[in-house]
Structure formats: structure tokens, C-alpha cells
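Geometric and topological summary
Here is how the chains run, residue by residue.
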Amino acid sequence: MVAYFSMEIGVDPEVPTYAGGLGVLAGDFVRAAADLGLPLVAITLLHRKGYFRQRLDSTGRQREESAEWSVEAHLEALPARVTVIIDGRPVVVRAWRRRVTGLGGGTVAVYFLDTDIEQNAPDDRALSHFLYGGDAAYRLAQEAVLGIGGVRMLRALGCSHVHRFHLNEGHSALLALELVSERLRAAGRPTAGEDDIDAVRQLCVFTTHTPVPAAHDQFPLDLAARVLGPHPMSELMHRCCYGGALNMTYLALSFSHYVNGVAMRHGEMSGRMFGGHHVDAITNGVHAATWVSEPFRLLFDRRIPGWRADNFSLRYAVSIPTPEIWDAHVAAKLRLLEIVNRHQSPPFDPAALTIGFGRRASTYKRADLLVSDIARLRALARAGGGLQVVYAGKAHPRDEEGKRIIERVFRAREALGSDVPIVYLEDYDMAIARLLTAGADVWLNTPHPPLEAFGTSGMKAALNGVPSLSVPDGWWIEGHVEGVTGWAIGSDGRTLPGETTDPAAHAAALYDALERTVLPLFYRDRDRFTQVMRYAIALNGSFFTAQRMLQEYVVKAYGTEAVREPERVAA
Ligand SMILES: *Cc1c(COP(=O)(O)O)cnc(C)c1O
């Protein structure tokens, strides 16, 4: 059996315990595991107050509201209780369960850890309230609940034979120390030796997601000693520390026998960043049945029956007549525009080229690149036949620069008026992502390379026949075939002009692509445009799936032994 640990898991749009790509990916991971009938359980935190609900005023200023949700309505309470010492106090942890059911009726249990229990002190009760809220001490305490509490909870639930612990990002890395402690307790030994470390390494698999060194979780040692208390860690410290701090990535690297990045390029970069550790790559994918819109679901059911059980069969989309693809797309587009036009007057035009841009409003994702030269954008839209844009995305509550990006998009919206109508949909979540990735004509992605580790929204779009126009970074380096599956921003399709980091050059390359390639194809050669849509499904939709990703994890990371285990979880 495999135990998959993730700080956020998007199991359901109604359960707002995810912030963005990492959590939605984890949800897709669990859904695909259930489809494949893998013996896997998942552990996460409850986040009773969610991430947050985004409200935007008329100038685009973001306000955050807590996203309270009814835990009882969505999850099942379990009686098990475990204790973790945090800051010298015993903190009691309980778990809630959600069973995710797959295609063949197989289920994966997701356990949500919760400290909001009467016998805990008020501060400790709040540990399972907010995703990515609070200070470093709050975060480290949450990671102790997830990593240490998670292992203890699994044991309390009867999972004694876990063959692989999968650390989805470093947040859960403390679980490795708990596994060492378990061995010492069982053997009655006070200190850990190389054998213990080797044994734990055989159990752990680590997936890293961030190509930015500063974005890896790290905690000052005095804080770590205070929050975590005395621990066998003291003599393992050199394996957990980097630059004089407890570094969750180094901890995870030291205690995992298999480490992977989430796209080819990201794997290579991570290998260089963590010199001395071999970092493999398993390119992320999305759960096809979750992200295919209703109109395409009907089309695939008719033309490629069995596509849900075997996502690779979507390659046979090559034989679907293009008018059927176009019709399904128009239906998906009208659904999106119905939502858009609730906020928009005059309404968006169903015949106009509609660009979709939805993702977290992080600085490196550069939502404002498209609107960085208003005059040029206006001119090319007028000359090219018309352009409208639907945006969505939340900025982290403390990311002031991210918030300013949203405000810049709102100012551009004012300036462009009806020349290039822009709508910014509030409160991006899985439900809006489903509408937007299926209903746009072109999916835009403009990260600052090489900072996009993967970027799954373009994969969701591809499944719906929506081609990407993207900076070649993350998954697009692998999914891009120029003029076939979409278009790369940049002259030769591999690099930006002269490998420059100048944003103005990146914007110019984007405008060139729109002006010379995308607009003419959309308005004047609809048949070829629809062929690109078809290849987006056949080449990319069929491959960048969570099903293929899970199969790679089984082959490369878990080993078939780990998933052959017939053990059933009693709890
Ligand atoms: C898919 C998804 C993301 C991730 O999109 P990227 O392209 O990886 O940035 C973020 N948020 C939501 C709600 C999503 O559905």
C-alpha cells in the first residue's frame, strides 16, 4: 500500500482545502489512483476555513474572506485520536474521511487531519484552520501535524504495512523523522544508525514542485527546536539542514530513495539545484474525466468509447471529423460566456476569439504581460478581427506584488474598453477552471521562464481541444509542436528571442504570435484552426493525464510490489 501525503488536496470544488496547482494535482492524483484501483490512501490537513474567498472591488483590489465550509456535510468523522507534541504541549489530532470513488468502483480514502478539538488549547485548535496562513511557527506546527500526526494516524487506522510514503512536496517531510522514531521505539534504542536511515529511505518517495530555491520551506533551528522539541533529529540534523536552517526539501531528499521533478525540464533543473541527488522526472497530468467538459464527454463517448478507462485512446481523436470538434467547442464556449456575461455589458461575442488565462496571480506567472502594451494590443485586435479575454486567479493574501498584477489587469480593462473586452472572474476555483479551460478558444500562459515547473491548466484545455499559446516552459516544452498542438511564444519555438529576460521582448513575441499566426488562423482558416484543436486532444489530451502519471509512479517510484498488496484498510 502507498500513503500519499500532501498539504493540500482538491477532492471536490465544494471542499475548499486547496490553493492552486499543487492541490488540484493532488486531487487528480487521488482520482486516478481510485480509477486504477491502486491500494493507496491520502493524508492532508482539514483547513476548516479553507484558503480564502476572493472578492475584487471595481479597481481590482483583492479582499479575502474566510471560506467556511460544512465539514460534516462532506466528510465522515472517525473516532481515532493521536497526539503530537508541539511547542512542548500534547496536541490531539483527529481525522475525517472522504472516500473518492473511481471508475470501476474502487475507492481511495483521503484522511483530513484536524486539531480543532475541545481538549486542545485555542492556538492549537487553529492549526487546522488555514491553508498557507500564519507565520513560520504556525506553518512548522502544521507540518508536524501533517508529517508526524499523519504517520501516527495511519497506524491508529490500522495501516501497519505501508510500502511507500509519498511526499508530495516537502511540507510532509517530518514524516521521515517519525518513521525513524518508530524504528527506535520498536527496537528500544535511543539513537539512530545508518541502518535506520537506509530502511526509511527505502520507504520514501519525494516529489518536488518548485524550481525557486527560496520557495522551499525552511525554518530557523531555534524555532525548530522549540516547536518540535527534543527528537532523534538532533543527531540527524546534518541531513535536514541547509544554510543553517531546517530545510524540508533537504530533509525529504536525504530520506527518499526516489526523487522526481514534475516535468522533464524541471527534473533537470532540480538535479542541478540539489547537486549530488539524482532527480528523475515524471511529468504531471490531469484527471481526464474531471476536466473534460460535458460537450466533449458526449463526443468522446460516441466516438471513442472507453476513453475514460484508457485515456491513451484519446489519440484516436485524430479521426473525429473537425466539424464535430468545433460544435462541441462552441457548446463549451457558450457555457463559459453565459457566466461571463452575467458580469459584462455589452456582452462578450460568441464569434470573437476568446483568450483564457486562469491561474494563481503569482508574479512569475505574469498575468499582465498580455496587457503590457495597450496600444499594440488594441491595434492588433482591431486589425485581426477582434479579441476578448477572460481572466481568473487569486493572489496569496500576503503577495502584494501579485495583488498589484490583478489591479494592473483592471486598469488595462478600463483603458481598452470595448476595443478588447476583458473580464476578470472572481474567486478562481476548480468549478471556474473547468468552465474556463474548456470554453476559451486559446489558452494563454506567460510565465517567466524557467519558473513554471509544470502548469496543468494547459493540459485541461488540451483535453477540451483548446490549443495553448504559451512561453515554452514547464509542460509546454514537451507538449508543444508548433502550429500542430498550439503555438510557442518566441521565434524558434524553443527559446525566446535571444534568450532575453526583458519582459518587453517577451510581450512583443506574444503580440507577434497573435498578430501573425493565431488571429489569421482563427478568423480566416477555421478548418486549420480546428485541426490544431484536434491535435491538441490527440497528442496532448491523450498523454498529459493523471492516469499516465500514476502508471509512471507505479513503474518508477512505488514498484509493482507496493501496489500489489491486497491489504484493505479496516477503519
Ligand atoms: C488547474 C488549476 C490550477 C493550476 O493551473 P496552472 O496552469 O498549473 O497554474 C490552479 N488553480 C485551479 C483552481 C486549477 O483548477
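Residues numbered from 1 in each chain as written. Predicted model: local features only at pLDDT ≥ 70, side-chain atom pairs only at ≥ 80, totals over all residues. Heavy atoms only, no water.

This next bit is on the site of the ligand. Around the ligand sit 14 residues in total, of which K365, G455, T456, S457 and K460 are the nearest. Between the ligand and the protein, one listed contact pairs an oxygen atom with a side-chain N or O atom of S457 at 2.5 Å. A distance of 2.6 Å separates an oxygen atom of the ligand from a polar side-chain atom of K460. The protein chains hide 97% of the 390 Å² of surface that the ligand would expose on its own. For the shell around the ligand, the secondary structure elements donating two or more residues are α1 (21-36), α16 (430-439) and α17 (457-463). (Near = heavy atom within 4 Å. Polar contact = N/O pair within 3.5 Å; in protein donor to acceptor, adjacent residues only side chain to side chain. Areas by Shrake-Rupley, 256 points an atom, 1.4 Å probe, with all protein chains shown as cover. Helix = DSSP H or I, 4+ residues; strand = E, 2+ residues; numbered from the N terminus.)

As for its position among the elements, V518 is in helix α19 (residues 503-524). In sequence terms V518 and G384 are 134 residues apart; their C-alpha atoms lie 9.3 Å from each other.

Pairing in this open sheet of nine strands is mixed, and the strands run β5-β6-β7-β2-β1-β8-β9-β13-β14 from one edge to the other. Since the sheet does not close on itself, it has two edges, and those belong to β5 (76-86) and β14 (280-281), each with one partner. Pairing analysis gives four bridges linking strand β1 (residues 2-6) to strand β2 (residues 40-45), with the strands arranged parallel. Its bridge partner lying in β2, V2 is registered against L40. The sheet contacts of helix α6 (residues 194-203) involve β8 (164-168) and β9 (204-207), and relative to β9 the element is tilted by about 60°. Along the sheet face, helix α21 (residues 546-558) touches β1, β2, β8, β9, β13 (258-261) and β14 and points at about 120° away from the line of β8. (Pairing = 2+ DSSP bridges. Contact = heavy atoms within 4.5 Å. Axes fitted to C-alpha atoms, helices over the stretch in contact; angles between N-to-C directions.)

Overall, the coordinates contain 19 aromatic pairs when judged by the stated rule. Residues Y4 and F29 carry aromatic rings whose centres are separated by 4.1 Å and whose planes lie at 5° to one another, so their mutual orientation is stacked. A residue pair is termed long-range when its members are at least 10 positions apart, and Y4 in strand β1 and F29 in helix α1 qualify at 25 residues. The exposure class of Y4 is buried, given its relative accessible area of 0%. Taking relative accessible area as the criterion, F29 reaches 1% and is therefore assigned buried. Plain terms: the ring middles of Y553 and Y558 are 6.0 Å apart, the flat faces sit at 25° to each other, and that makes the pair stacked. Looking at Y553, the relative accessible area reads 2%, which means it is buried. The structure contains a cluster of three or more aromatic residues connected by ring pairs, namely W326, W487, F522, Y523 and F529. Directly above the ring of F357 sits R359, whose terminal nitrogen or CZ lies 4.4 Å from the centroid. (Phe/Tyr/Trp six-rings, centres within 6.5 Å; stacked < 30°, edge-to-face > 60°. Buried < 20%, exposed > 50% of the residue type's maximum accessible area, 1.4 Å probe, protein only. Lys NZ or Arg CZ within 6 Å of the ring centre and 35° of its normal.)

So, on to α6. The set of residues buried in α6 consists of D196, I197 and V200. Relative to the axis of α6, the buried residues are bounded by an arc of 95° and lie together on one face. (Arc of directions from axis to C-beta.)

With four bridges joining them, strand β3 (residues 53-56) and strand β4 (residues 62-65) adopt antiparallel strand pairing. The residue of β4 that forms the bridge with L56 is Q62.

Along its sequence, the chain is organised into domain 1 (2-54 + 66-285 + 549-563) and domain 2 (288-544). Here the C-alpha centroids of domain 1 and domain 2 sit 32 Å apart. On the domain 2 side, the residues contacting the 32 residues of domain 1 number 34 residues. Summed over both partners, the interface of domain 1 with domain 2 buries about 2600 Å², with 60% contributed by carbon and sulfur atoms. Of all residues in domain 1, F52, Q54 and R265 bury the most surface against domain 2, accounting for 24% of the area lost on that side. Along the contact surface separating domain 1 from domain 2 lie one salt bridge. For the salt bridge of D427 with R53, the shortest nitrogen-to-oxygen distance reads 3.6 Å. Secondary structure elements with two or more residues in the side of domain 1 that touches domain 2: α1, β3 and α10 (264-273). No other element matches α1, which puts five residues into the side of domain 1 that touches domain 2. (Domains from an automatic or database assignment. Buried area = accessible area lost by both parts, 1.4 Å probe. Salt bridge = Lys/Arg side-chain N within 4 Å of Asp/Glu carboxyl O.)

Summed over all chains, the structure comprises 43 salt bridges. Measuring nitrogen to oxygen at the nearest pair gives 2.7 Å for the salt bridge that ties D116 to R125. We note a salt bridge from D419 to R382, for which the minimum N-O separation is 3.3 Å. Within this pair, whereas D419 is found in the loop between α15 (400-416) and β17 (422-425), its partner R382 is found in helix α14 (residues 374-384), the two being separated by 37 residues in sequence. Residue class for D419 comes out partly exposed when judged on its relative accessible area of 26%.

The sheet built from three strands is open, its strands ordered β10-β12-β11 with antiparallel pairing. In this open sheet, the two edge strands, each paired with only one partner strand, are β10 (218-220) and β11 (241-242). Looking at chain direction, β10 and strand β12 (residues 245-247) are connected through three bridges and run antiparallel. Across the sheet, residue P220 finds its bridge partner in β12, namely A245. Lying over the sheet, helix α7 (residues 221-228) contacts β10, β11 and β12, oriented at roughly 90° with respect to β10.

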